Amino acid sequence: MSKYLFEVVRNGHPLGDAWVDLDSRSEMRREALKALQDIAVDEMASSDLDESMTVSVYDDAGRLVYSATISVSQSFPASQESH
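What you see is a predicted model, and the numbers here were worked out from it, not measured in a lab.

Each value, and the rule that gives it
Counting restarts for each chain: residues are numbered from 1 in the order of the written sequence. Whole-chain, interface and lining totals are the exception, using all residues; otherwise, since this is a predicted model, local features are given only for residues with pLDDT of at least 70 and side-chain atom pairs are given and counted only at 80 or more. Side-chain metrics in this entry use all non-hydrogen atoms of the structure; hydrogen atoms and water are not considered. We call a set of buried Ala, Val, Leu, Ile, Met, Phe, Trp, Tyr and Cys residues a nonpolar core when their side-chain atoms join them within 4.5 Å. Remark: exposure states derive from per-residue accessible area (1.4 Å probe, protein chains only) relative to the maximum for the residue type, with buried under 20%, exposed over 50%, and partly exposed in between. Comment: elements are numbered from the N terminus, with helices defined as DSSP H or I runs of at least four residues and strands as E runs of at least two. Between two residues, a contact is recorded if the distance between any of their heavy atoms is within 4.5 Å. The rule for pairing is simple: two strands pair if DSSP sees at least two bridges between them. Ring geometry is summarised as follows: Phe, Tyr and Trp rings, the Trp one being its six-membered ring, pair when their centres sit within 6.5 Å, and such pairs are stacked at plane angles under 30 degrees, edge-to-face over 60 and tilted between the two. In this scheme, Lys NZ or Arg CZ marks a charge over a ring once it lies within 6 Å of the ring centre and within 35 degrees of the ring normal. Between N-to-C directions, angles cover 0 to 180 degrees, with each direction set by a line fitted to C-alpha atoms, over the stretch in contact for helices.

J.: How would you summarise the nonpolar core if you had to cite specific residues and measurements?
T.: Generally speaking, a soluble globular protein has its nonpolar side chains buried in company with each other. The biggest cluster of nonpolar side chains holds 14 residues, and the ones touching the most others in it are Phe-6, Met-28, Val-55 and Val-57. For this core, the secondary structure elements donating two or more residues are β1 (2-10), α1 (25-44), β3 (51-59) and β4 (64-72). Looking at which element gives the most residues to this core, the answer is α1, with five residues. Once you skip the residues sitting within four places of it in the chain, Met-28 turns out to touch Tyr-4, Phe-6, Leu-22, Val-57, Val-65 and Tyr-66.

J.: A description of the pairing of strand β2 (residues 13-22) should follow, citing residues and the corresponding values.
T.: Pairing of β1 with β2, which is carried by nine bridges, proceeds in the antiparallel orientation. Across the sheet, Ser-2 pairs through a bridge with Leu-22, a residue of β2. Counting the residues between successive antiparallel strands, the hairpin from β1 to β2 contains two residues, one of them, Asn-11, with a positive phi of roughly 50 degrees.

J.: Account for the side chain of Asp-59, with residues named and values stated.
T.: The residue Asp-59 is located in strand β3 in this model. The class of Asp-59 is buried, set by a relative accessible area of 11%. Leaving out residues up to four positions away in the same chain, Asp-59 has contacts with Lys-3, Tyr-4, Trp-19 and Val-65.

J.: Report on the packing of aromatic side chains, specifying residues and quantitative values.
T.: The tally for this structure, following the rule as stated, stands at zero aromatic pairs. In this structure, Lys-3 is placed above the aromatic ring of Trp-19, and the distance from its NZ or CZ to the ring centre is 5.8 Å.

J.: Go over the sheet that holds β1 with me, naming the residues and quoting the values.
T.: Taken in spatial order, the four strands line up as β2-β1-β3-β4 in an open sheet, and their pairing is antiparallel. Each edge of the sheet is formed by a strand with only one pairing partner; in this case those strands are β2 and β4. Strand-to-strand, the axes of this sheet are offset by a mean angle of 15 degrees, without reference to chain direction. Relative to β4, β3 runs antiparallel, the two being bridged by eight bridges. Within β4, the residue paired with Ser-52 across the bridge is Ser-71. Sheet strands touched by α1: β1, β2, β3 and β4. Its angle to β4, the strand with the most contacts, is close to 30 degrees.

See the structure below:
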């Protein structure tokens with residue numbers, strides 16, 4: 001089992017980090033993508049701005065071993081009224 005540090009950044013601003021113990025690099029990648037999706041839904045749903053969010057994963061020696069970014073560009077057609 002390996003220990004990984006997950007760091008999340010939204011639009012260049014840190015949101016937080018957490019250490020996670022995982023059995024493999026594929027499990028680390030899956031957990032990073034899942035965390036990115038879950039956090040993005042919660043954080044970006046309250047904003048109507050274009051957003052980007054990145055999760056970076058470091059090993060216990062501090063080396064970057066994985067990074068993924070999600071970007072959302074949002075718009076409402078002019079013909080729609082606000083609800």
